[in-house]
Amino acid sequence: MKALHRSSDHRDYQRVPRVVTAMARDEVHGVSVRPHSHERAQLLYATEGLMKVKTDFGVWILPPRRALFIPPGVMHQWTSLSKVTMRTIYVEARTAQAFGDVCRVIEVSPLLRELILSLLDEPIEYPLPGRGEHLAMLILSELAAAETVPIAIPWPRDRRLLAVCEAIMADPGSPRTIEDWAAEAGASARTLIRLFPRETGLHYRQWVQQVHLAEAFGRLERGDSVGEIAAALGYASPSAFSAMFRRILGKTPQHYLGSWRAPLQRA
């Protein structure tokens, strides 16, 4: 069954009398959506393409095997870093309380992906009872069981640290040290070292590693090898990069490469 024609305006999905609704939206590279929030929780997800999502509290890079759970009322904006095939869902606010009140990245299982695509084959106000209702309940079950991926780039408010973080995000593989960044920001290295945990909850090196992980997932999705990623991010060797990756995520880059090479049948 082909997907039904439906609105691509998120506002049209917030008060639909269904617990879970699904929206399809395609964008070209470089589109930015201004800050906004929803009455419902959102699982921001794209079957193809790379997205950057930003809130007052953090930044996330989302490849197709990742989705960001955004609680109701959280202001956020996103930018397409490539052509994007968005297939996102909205969850009624009271039901969404079971999934927490903070943004988090989840692993999108093949089953969850197919459930979302299947719900898009149903009318927005799918019949009750019926297939759409069953799909919605299965989606909620998969969300509850989904693995949280500990990748988040906490975002500062201090203008000096903000300038540094924006520069690092723009060039994740830069060899510049915190002393170099301090000189550019007009602050001492000691000040930046103190500001990082106060503003982001992470020490400088930990924060940079989160940026590296986000960049690595995007590059893995594009097909880069572990060696290419390690070199681009300034690691001395692929094994050094893999060790950092595994220490934080508990899995190697090769684990993700293997699972992501499994073919997916439809977008």
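Rules and cut-offs
Residues numbered from 1 in each chain as written. Predicted model: local features only at pLDDT ≥ 70, side-chain atom pairs only at ≥ 80, totals over all residues. Heavy atoms only, no water. Helix = DSSP H or I, 4+ residues; strand = E, 2+ residues; numbered from the N terminus. Rg over C-alpha atoms; globule rule 2.2 N^0.38 Å. Buried < 20%, exposed > 50% of the residue type's maximum accessible area, 1.4 Å probe, protein only. Contact = heavy atoms within 4.5 Å. Lys, Arg positive; Asp, Glu negative; His and termini not counted. Charge placed at Lys NZ, Arg CZ, Asp CG, Glu CD. Axes fitted to C-alpha atoms, helices over the stretch in contact; angles between N-to-C directions. Parallel < 35°, antiparallel > 145°, perpendicular 65-115°, else oblique. Nonpolar A, V, L, I, M, F, W, Y, C, P; charged D, E, K, R; others polar. Pairing = 2+ DSSP bridges.

In the nomenclature of an unreviewed UniProt entry, the protein is known as Helix-turn-helix domain-containing protein of Duganella vulcania.

(A) Structural view of the overall build of the protein. Each helix and strand counted, the protein has ten helices and eleven strands in total. Compactness check: the protein gives a C-alpha radius of gyration of 19 Å against a globular reference of 18 Å for 267 residues, within 12% of the reference. When the backbone C-alpha atoms are referred to their principal axes, the protein occupies close to 60 × 35 × 30 Å. Evaluated residue by residue, the protein yields a buried proportion of 51% over its 267 residues. In the protein, once contacts between residues fewer than 6 apart in sequence are set aside, the share between residues at least 24 apart is 73%. With 33 positive and 28 negative side-chain charges, the protein shows a separation of 2 Å between the mean positions of the two kinds.

(B) Geometry of the packing of helix H5 (residues 178-185) against helix H6 (residues 189-200). Where H5 meets H6, the closest approach of the two axes is 8 Å, and the angle between their N-to-C directions is 100 degrees. Relative to H6, the element H5 lies roughly perpendicular. Seen from H5, the contacting residues are Ile 178, Glu 179, Trp 181 and Ala 182; seen from H6, they are Ala 189, Leu 192 and Ile 193. Class assignment for the residues of the contact of H5 with H6 results in six nonpolar, no polar and one charged.

(C) Highlighting the sheet that holds strand S4 (residues 51-54). What the five strands build is an open sheet, ordered S2-S7-S4-S5-S11; its pairing is antiparallel. Each end of this open sheet is capped by a strand with a single partner; those strands are strand S2 (32-36) and strand S11 (153-154). One ladder, built from three bridges, connects S2 with strand S7 (residues 76-80); its direction is antiparallel. Considered in S7, the bridge of Ser 32 is made with Thr 79.

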